[in-house]
Structure formats: structure tokens, C-alpha cells
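Below, each chain spelled out in residue letters.
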Amino acid sequence: MSIPAKNAFVDFHTHTAWSPDSEAAMERMCAAGEAAGLYAMAVTDHVEIPAYRADGYDKALAGSDREAGEMQVKFAGRLRIARGVELGEPLHDLPVAEELLAGYDFDVVIGSLHNLKDDQDFYYYDYTNTDVLPLLDRYFEEVLAMVRWGRFHTLAHLTYPFRYFPAEKRPPDYRRWQDAIDAIFRAMAEKGLALEINVSGLRQAIGKTLPDLPLVRRFRELGGELVTVGSDAHAPEDVARPVREGLLTAKEAGFRYVAAFFGGRPELLPIP
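Residues numbered from 1 in each chain as written. Predicted model: local features only at pLDDT ≥ 70, side-chain atom pairs only at ≥ 80, totals over all residues. Heavy atoms only, no water.

Lay out the overall build of the protein chain with the relevant residues and their values.
Summing up its helical and strand segments, the protein chain has seven helices and nine strands in all. Relative to the globule expectation of 19 Å for 272 residues, the C-alpha radius of gyration of the protein chain, 17 Å, shows essentially globular dimensions. For the protein chain, the C-alpha atoms occupy an extent of roughly 50 × 45 × 35 Å along the three principal directions. Buried residues in the protein chain amount to 57% of all 272 residues. A fraction of 76% describes how many contacts in the protein chain between residues 6 or more apart in sequence connect residues 24 or more apart. Of the roughly 11500 Å² that the protein chain leaves accessible, carbon and sulfur atoms contribute 49%. Averaged over its 30 positive side-chain charges, the protein chain has a centre that lies 6 Å from the centre of its 42 negative ones. (Helix = DSSP H or I, 4+ residues; strand = E, 2+ residues; numbered from the N terminus. Rg over C-alpha atoms; globule rule 2.2 N^0.38 Å. Buried < 20%, exposed > 50% of the residue type's maximum accessible area, 1.4 Å probe, protein only. Contact = heavy atoms within 4.5 Å. Areas by Shrake-Rupley, 256 points an atom, 1.4 Å probe, with all protein chains shown as cover. Lys, Arg positive; Asp, Glu negative; His and termini not counted. Charge placed at Lys NZ, Arg CZ, Asp CG, Glu CD.)

Kindly report on the packing of aromatic side chains, identifying the contributing residues and their values.
In the structure shown here, the tally under the stated rule is 17 aromatic pairs. Look at Y123 and Y164: their rings are 5.3 Å apart centre to centre, the planes differ by 85°, and that puts the pair in the edge-to-face class. Here Y164 lies in the loop between β5 (154–155) and α5 (178–191) and Y123 lies in the loop between β4 (108–112) and α4 (132–149), a separation of 41 residues in the sequence. Of the aromatic side chains, those joined through ring pairs into one cluster are F122, Y125, Y127, Y139, F140, F162, F165, Y174 and W177. One residue, R80, lies across the ring of F262, its end atom 3.8 Å from the ring centre. The ring of F9 carries R244 above its face, with NZ or CZ at 3.8 Å from the centroid. (Phe/Tyr/Trp six-rings, centres within 6.5 Å; stacked < 30°, edge-to-face > 60°. Lys NZ or Arg CZ within 6 Å of the ring centre and 35° of its normal.)

Can you tell me about the pairing of strand β2 (residues 40–48), naming the residues and giving the values?
Side-chain direction in a regular strand flips from residue to residue, so the side chains alternate between the two faces of the sheet. By the criterion of burial, β2 is predominantly enclosed, with nine of the nine residues buried. Side chains A40, A42, T44, H46 and E48 project from β2 onto one buried face, and the interleaved M41, V43, D45 and V47 project onto a second face that is buried too. Note that strand β1 (residues 10–11) and β2 share two bridges and pair parallel. What sits directly across from V10, in β2, is A40. At this point the chain moves from β1, through helix α1 (residues 26–36), to the parallel β2, and the crossover so formed is right-handed. Traced from β2 through helix α2 (residues 57–74) to strand β3 (residues 80–88), the parallel crossover comes out right-handed. (Pairing = 2+ DSSP bridges. Right-handed = clockwise from strand over helix to strand, strands pointing away.)

Give me the lowdown on the packing of α5 against helix α6 (residues 213–221), citing residues and values where you can.
Between two packed helices, what matters for the description is the angle formed by their axes and the separation of those axes. Two elements in contact, α5 and α6, have axes separated by 9 Å at closest approach and are oriented at 50°. Regarding the angle of α5 to α6, the classification is oblique. Handedness of the crossing formed by α5 with α6: right-handed. For the pair formed by α5 and α6, the contact residues are Q178, I181, D182, F185, R186, M188 and A189 on the first element and L215, R218 and F219 on the second. Looking at the contact of α5 with α6, its residues break down into six nonpolar, one polar and three charged. (Axes fitted to C-alpha atoms, helices over the stretch in contact; angles between N-to-C directions. Parallel < 35°, antiparallel > 145°, perpendicular 65-115°, else oblique. Left-handed = near helix turned anticlockwise from the far one by under 90°. Nonpolar A, V, L, I, M, F, W, Y, C, P; charged D, E, K, R; others polar.)

Can you lay out the side chain of H153 for me, pointing to particular residues and giving the numbers?
If you trace the backbone, H153 turns up in the loop between α4 and β5. With a relative accessible area of 18%, H153 lands in the buried category. Within the structure, the side chain of H153 is placed 2.8 Å from the backbone nitrogen of V109, a separation counted as a polar contact. Those residues in contact with H153 that lie beyond four places of it in its chain are D107, V108, V109, L193, A194, F261 and G264. (Polar contact = N/O pair within 3.5 Å; in protein donor to acceptor, adjacent residues only side chain to side chain.)

Spelled out as C-alpha cells, the structure:
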């Protein structure tokens, strides 16, 4: 199978066994991308900065980066592979984050926030007696600070916490945080950062992209020019699924292109 002609069917957020929450061999993930007909995909294994050395993310990142380079050679002419990282909570230990970025030549860096400072991942919360509103107040404040730092290419799953809220706890809209979200989007537009349309929510109970269409459209209204689309796959069967719906969201929000990053620079791929 030869590499497809340059097109917007790309998956720029995937994880392999070098991430603590995946058991998938990188070669199987890349083979799944090729089988799905992707033009390109990014390997973006997790690094949670506060635990970079204590939990072995430093060794895992080195392995992921090395193997991604091997996959670039193995799949040459069949699938373009970007070497990347999902950089979690960089401002929680900024010197370590800066050191990491200086030590690698990534094609793409995804900025993400899975937990508030000195707190646990939103995934692990018992929401039975938890008021999610103040958690979200702090969450969007931390995201804004991360964006103002801005040493990444694309902002992952902006509405990440909503993915784990029980339906009865999930706020019906974003009005309480719209000013904070607008500030995030304006800062992203000013810095030329991309907004990720993370399609994992379409495979989960929340049933929509992260962020969803109204927020992607708002990003465009406030001057955002770049979007990426990622499956956030942790297993081969989820690679590229459902990226085409993410592309449709981008198009409905007014974007004509999706970005794929190589050498830290965006390639603009027309959305059909």
C-alpha cells in the first residue's frame, strides 16, 4: 500500500504502550492508521510533567521518540508519522517542562491539562458529593495560564473534565466560563496555536467532540486559524475513529483546512 495523496484525513493524537494507560504496540497503532487510509498520524505519548522522573515518564518518552523514528522509516511511503508528545500540566513544574522541550526535536507538541495543581486527574474523582463548578472555574484559569505560556502547537481536549462528569453533574452549557474561554481563544489566536478537535467523546457517554461545535465555531470567530483533529486512541481499533466527524465539525465551524505538524510547522490540508 502506498501513501495516500496529501489530504486532511489525519489523526494527530494517539498513544502507545509507552503511555501508562495503553498496552498497544506502536507498530500495531501505525499499521491501524495505514489500514484506515490515513494520510498522516502523530504518536503523542503521555508525559505528565510533575511526575516526569518520579514515575518514569522520562524513560518512556525516550523510548517513544526513538521508536517513532523507527516507525517513520518502516512506514515510509505508506503513512506519514509525526514524532510528538502530549505534554501534561507543564506549568506545574515549568523548569522540567522547559528542560524536556529543549532535549527533543518534536514534530508536534500537544499541551494538555488533566488535573489541577496538586490534585488528581479528573478521571479519578468520585463526583457523588463533588461540586464541579468551582473545579471548572480553576480548570479554565489554569488552561489560560498554560496558553499564555504557549510552548506547544495544539491545545488538547479543551473540555476534558466534562468527559468524566456523570450526566446529572454535567453543566448544560459553558455560559459560566465563556469569558475565560474567550480569553483562552484570543490568546491562542494571538500566538498562532491550534485548537484540537478531540473526537474521543464521540466514542464515549458524552457523545460529542471535545470541544464541541459551538466552541470550535467561537474559536474561529475570535480569530483562531488552526485546528487539528485527533482520535486520542489508546488501542489500534480506535485509531482514526471517528476522525471524519471531527473534520465535519471543523468545516461546520468555518474552517477550510486542518493542520498537520511536521518539524513544528503546520501543513494546511484542505477539508473536502
